[in-house]
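# Analysis of the macromolecular model
If you want the building blocks of each chain, they are given just below.
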Amino acid sequence: MSSFGILIVDDEILTLNNLKKALAKEDYEVMVADSGETALEMYNRYKPQLILLDLMLPGISGLEVLRRIKEIDREPIVIMMSAYEILEKAVESMKLGAYDYLLKPFKISDLKHTIRRALETLSLRIRVLEHLESEKGRYYFGRIIAESRNMKEVISLAKRVAGADRTTVLLQGESGTGKELLAKAIHYHSPRAEKPIVEINCAAIPENLLESELFGYEAGAFTDARKRKIGLLERGDGGTVFFDEIGDMSLNLQAKLLRVLEESSFGRLGGTQPIRVDIRIIAATNTDLTKATESGKFRPDLYYRLNVVPLIIPPLRERKEDILPLALLFIQELNQELRRAYKSISQEAAKAILAYPWPGNVRELRNIIERILSLYSDEEVRFTHLPSEIRDYREVPEAPGLEDVVAVGSLPTLEKLEKAYIKKVLAAVGQNRSQAARVLGIHPTSLFRKIKSWETH
Ligand SMILES: Nc1ncnc2c1ncn2[C@@H]1O[C@H](COP(=O)(O)OP(=O)(O)OP(=O)(O)O)[C@@H](O)[C@H]1O
Ligand SMILES: [Mg+2]
């Protein structure tokens, strides 16, 4: 762990020099101060990450220096040193945020050990903070685009439910509509924000593993269980557990999850003690759970239990006002990531983007923007940059009526009727067979086969 800055503060020059020599060997960047005043000055100038601070200093005392540094920054680690143990001073310095207290004389090896441990704590603390900050930044409500009226309603409901600490939320929406994003925004906006959010993708984990992942197990619960394992439900204690793709959970596990929800407790596999947990559940699915309950794939009682606050995210094609703002957000974010300088979307490109029905929703839009930015270095997203499925997309015309196909009084056979109707549709789409197939709701090859069969008859 090199290039960590350490400031040593002591009024005894001999001590200063000894410590400096010993620590410089360790590859730390060492600086020294022989009074409290100099220490504060040095701290402000160099912002060392660690300070070795003698308690007894002429002028400003060590405790006072500690207090002032902690007023400026919470981060630096301060280790106090003193020639005699004054218990109350030690207690007071700990209260002021000192990391440790060393009694002089101490062995250099002990000091080095304490420093190493302190720096590990520090880098861990920074990593946890950075992670939390970056997650919060990525999932905060301010980043979620909602220009359309229906999306605005979803967001305002989501914000309200975020504050309701324990309320279960069920997110429903097609693939790529932003369910995960919303689940995390709710968590990071809730009173549980500083606690973990545990994600469980029910579709990705096989059933038998999912059970042990969820509940954990005791040593010896089954052949491979050598050590106790803490389950995800327990890890989420105090925080949020996010069940993604809940529609894919097996009926067996659904029954077990229902019990957890009803009792707020469960047991590890092979364990006898019930474990109480305080968790908020957010579940998401892109399958229609009402239908799944009708067909027996999802337990109705669990469905009602989860569906306390339903949030239904509309597909992108039903909120066209969001499309261009989303595209611009992704351009802005990906400009940074891919070092591009796109500024706008051309009129023609925007028109095509708006007309396209986005079956893969927001994720598809983001992917396409990413593809364009990585392939072309330009200032404007142009029509020619768009993939062919968007360039060639034409709105499917309404299927024509049957009225003039069926002549009054002479009822045709089904075969004749089909032929006449297909011809009518072909005429309506300018003989474009793939488009006709779309209107007719059949596969282009079966349309082709039908047309072929007329020729042979
Ligand atoms: N309203 C929005 N504003 C900004 N970004 C969004 C919005 N909706 C979705 N996104 C982005 O689109 C991508 C897909 O969203 P997300 O992964 O949350 O979708 P999902 O519904 O969970 O999809 P799936 O069902 O396929 O898992 C992510 O990059 C997300 O950040
Ligand atoms: Mg998802």
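Residues numbered from 1 in each chain as written. Chains lettered and ligands numbered in written order. Predicted model: local features only at pLDDT ≥ 70, side-chain atom pairs only at ≥ 80, totals over all residues. Heavy atoms only, no water.

### Focus: the overall build of the chain
Across its full length, the chain carries 19 helices and 16 strands. With respect to the principal axes defined by its C-alpha atoms, the chain has extents near 115 × 60 × 40 Å. Looking at the chain as a whole, 44% of its 457 residues qualify as buried. For the chain, restricting intrachain contacts to residue pairs at least 6 apart in sequence, the fraction spanning at least 24 positions comes to 69%. Just so you have it, the chain exposes about 24700 Å², and 52% of that area is on carbon and sulfur atoms. In the chain, which carries 66 positive and 66 negative side-chain charges, the distance between the mean positions of the two groups comes to 3 Å. (Helix = DSSP H or I, 4+ residues; strand = E, 2+ residues; numbered from the N terminus. Buried < 20%, exposed > 50% of the residue type's maximum accessible area, 1.4 Å probe, protein only. Contact = heavy atoms within 4.5 Å. Areas by Shrake-Rupley, 256 points an atom, 1.4 Å probe, with all protein chains shown as cover. Lys, Arg positive; Asp, Glu negative; His and termini not counted. Charge placed at Lys NZ, Arg CZ, Asp CG, Glu CD.)

### Structural notes on the confidence of the model for the chain
The share of residues in the chain with pLDDT of 70 or more is 91%, and the mean pLDDT across the chain is 88. Per-element confidence in the chain is highest for strand 6 (residues 169–172), whose mean pLDDT is 97, and lowest for helix 5 (residues 108–139), whose mean pLDDT is 74. (pLDDT = per-residue confidence, 0-100.)

### Side note on the environment of lysine 179
Inspection of the secondary structure puts lysine 179 in helix 7 (residues 179–188). For lysine 179 and alanine 283, which are 104 residues apart along the polypeptide, the C-alpha to C-alpha distance reads 9.2 Å. Residues within four places of lysine 179 in sequence aside, it is in contact with Leu171, Gln172, Gly173, Glu174, Ala284, Thr285, Asn286 and Ile313. Here the side chain of lysine 179 touches glycine 173 through a polar contact of 3.0 Å, landing on its backbone oxygen. (Polar contact = N/O pair within 3.5 Å; in protein donor to acceptor, adjacent residues only side chain to side chain.)

### Comments concerning the pattern of salt bridges
For the structure on display, the rule yields 30 salt bridges. The closest approach of N and O atoms between aspartate 54 and lysine 104, which form a salt bridge, is 3.3 Å. With aspartate 54 in strand 3 (residues 50–54) and lysine 104 in the loop between strand 5 (100–103) and helix 5, this residue pair connects regions lying 50 residues apart in the sequence. You'll find aspartate 54 and lysine 104 in the same group, each marked buried. A salt bridge links glutamate 199 to lysine 184; the nearest nitrogen and oxygen atoms lie 2.8 Å apart. (Salt bridge = Lys/Arg side-chain N within 4 Å of Asp/Glu carboxyl O.)

### Observations concerning helix 10 (residues 251–263)
Across its 13 residues, helix 10 extends 19 Å between first and last C-alpha, which sits within 8% of the 18 Å expected from 1.5 Å per residue. If you check which residues of helix 10 are buried, you get Leu253, Gln254, Leu257, Leu258, Val260 and Leu261. Seen along its axis, helix 10 keeps its buried residues to an arc of 160°; they face one direction. Against the buried residues of helix 10 lie helix 8 (207–215), helix 9 (232–235), strand 10 (240–244), strand 11 (265–267), strand 13 (280–285) and helix 12 (300–306). Residue serine 264 follows helix 10 closely and has a positive phi angle near 55°. (Expected span 1.5 Å × (residues − 1). Arc of directions from axis to C-beta.)

### Considerations on the site of ligand 1
Taken together, 17 residues lie around ligand 1, and Ser175, Gly176, Lys179, Leu181 and Arg363 are the ones closest in. In this structure, an oxygen atom belonging to ligand 1 sits 2.9 Å away from a side-chain N or O atom of serine 175. At a separation of 3.0 Å, an oxygen atom of ligand 1 approaches a polar backbone atom of glycine 178. Its free accessible area being 640 Å², ligand 1 has 88% of it covered by the protein chains. Those elements giving two or more residues to the shell around ligand 1 turn out to be helix 7, helix 13 (323–338) and helix 15 (361–375). Split by residue class, the shell around ligand 1 holds 7 nonpolar, 5 polar and 5 charged. For the shell around ligand 1, the two domains that each supply at least three residues are domain 2 (140–312) and domain 3 (317–391). (Near = heavy atom within 4 Å. Nonpolar A, V, L, I, M, F, W, Y, C, P; charged D, E, K, R; others polar. Domains from an automatic or database assignment.)

### Remarks on the packing of aromatic side chains
According to the stated counting rule, one finds 4 aromatic pairs in the structure shown. Measuring from ring centre to ring centre gives 5.9 Å for tyrosine 356 and tyrosine 393, while their planes differ by 90°; the resulting arrangement is edge-to-face. With tyrosine 356 in the loop between helix 14 (347–355) and helix 15 and tyrosine 393 in the loop between helix 16 (388–391) and helix 17 (414–428), this pair connects stretches of sequence that are 37 residues apart. Both residues of the pair, tyrosine 356 and tyrosine 393, count as buried. Among the aromatic residues, those joined into a cluster by ring pairs are Tyr356, Trp358 and Tyr393. (Phe/Tyr/Trp six-rings, centres within 6.5 Å; stacked < 30°, edge-to-face > 60°.)

### Remarks on helix 6 (residues 149–163)
Along its 15 residues, helix 6 runs 22 Å from first to last C-alpha, staying within 8% of the 21 Å computed at 1.5 Å per residue. Met151, Val154, Ile155, Ala158, Val161 and Ala162 are the residues of helix 6 that are buried. End-on view of helix 6: buried residues confined to an arc of 130°, all on one side of the axis. Looking at helix 6, the residues exposed on the side facing more than 90 degrees away from the buried face are Arg149 and Arg160.

### A short note on the sheet that holds strand 5
Ordered in space as 2-1-3-4-5, the 5 strands form an open sheet in which the pairing is parallel. Two strands in the sheet have a free side with no partner beyond their single neighbour: strand 2 (29–33) and strand 5. The mean angle between the axes of side-by-side strands here comes to 20°, regardless of whether they run parallel or antiparallel. Pairing of strand 1 (residues 5–9) with strand 3, which is carried by 4 bridges, proceeds in the parallel orientation. Of the residues in strand 3, the one forming a bridge with valine 9 is leucine 53. (Pairing = 2+ DSSP bridges. Axes fitted to C-alpha atoms, helices over the stretch in contact; angles between N-to-C directions.)

### Remarks on the pairing of strand 2
Each regular strand carries side chains that alternate between the two faces of the sheet. As judged from the 5 bridges shared by strand 1 and strand 2, these two strands associate in the parallel manner. When the sheet's bridge partners are listed, valine 9 is paired in strand 2 with alanine 33.

### Observations concerning the packing of helix 8 against helix 10
The contact between helix 8 and helix 10 brings their axes to 10 Å, and the two run at 15°. By the angle class used here, helix 8 and helix 10 are roughly parallel. Between helix 8 and helix 10 lies a crossing whose hand is left-handed. Packed against helix 8, whose contacting residues are Glu207, Leu210, Glu211 and Phe215, the element helix 10 presents Asn252, Leu253, Lys256 and Val260 at the interface. (Parallel < 35°, antiparallel > 145°, perpendicular 65-115°, else oblique. Left-handed = near helix turned anticlockwise from the far one by under 90°.)

### Focus on the nonpolar core
With 30 residues, the main nonpolar core has Ile200, Leu233, Phe243, Ile246 and Met249 as its most contacted residues. Of all the secondary-structure elements, those providing two or more residues to this core are strand 7 (197–201), helix 8, helix 9, strand 10, helix 10, strand 13, helix 11 (289–294) and helix 12. Those residues within four positions of methionine 249 in sequence are excluded, and the remaining contacts are Cys202, Leu210, Leu214, Phe243, Gln254 and Leu257. Leu329, Ile353, Leu386 and Ile390 belong to the second largest nonpolar core, which has 27 residues in total. (Core = buried A, V, L, I, M, F, W, Y, C linked by side-chain atoms within 4.5 Å.)

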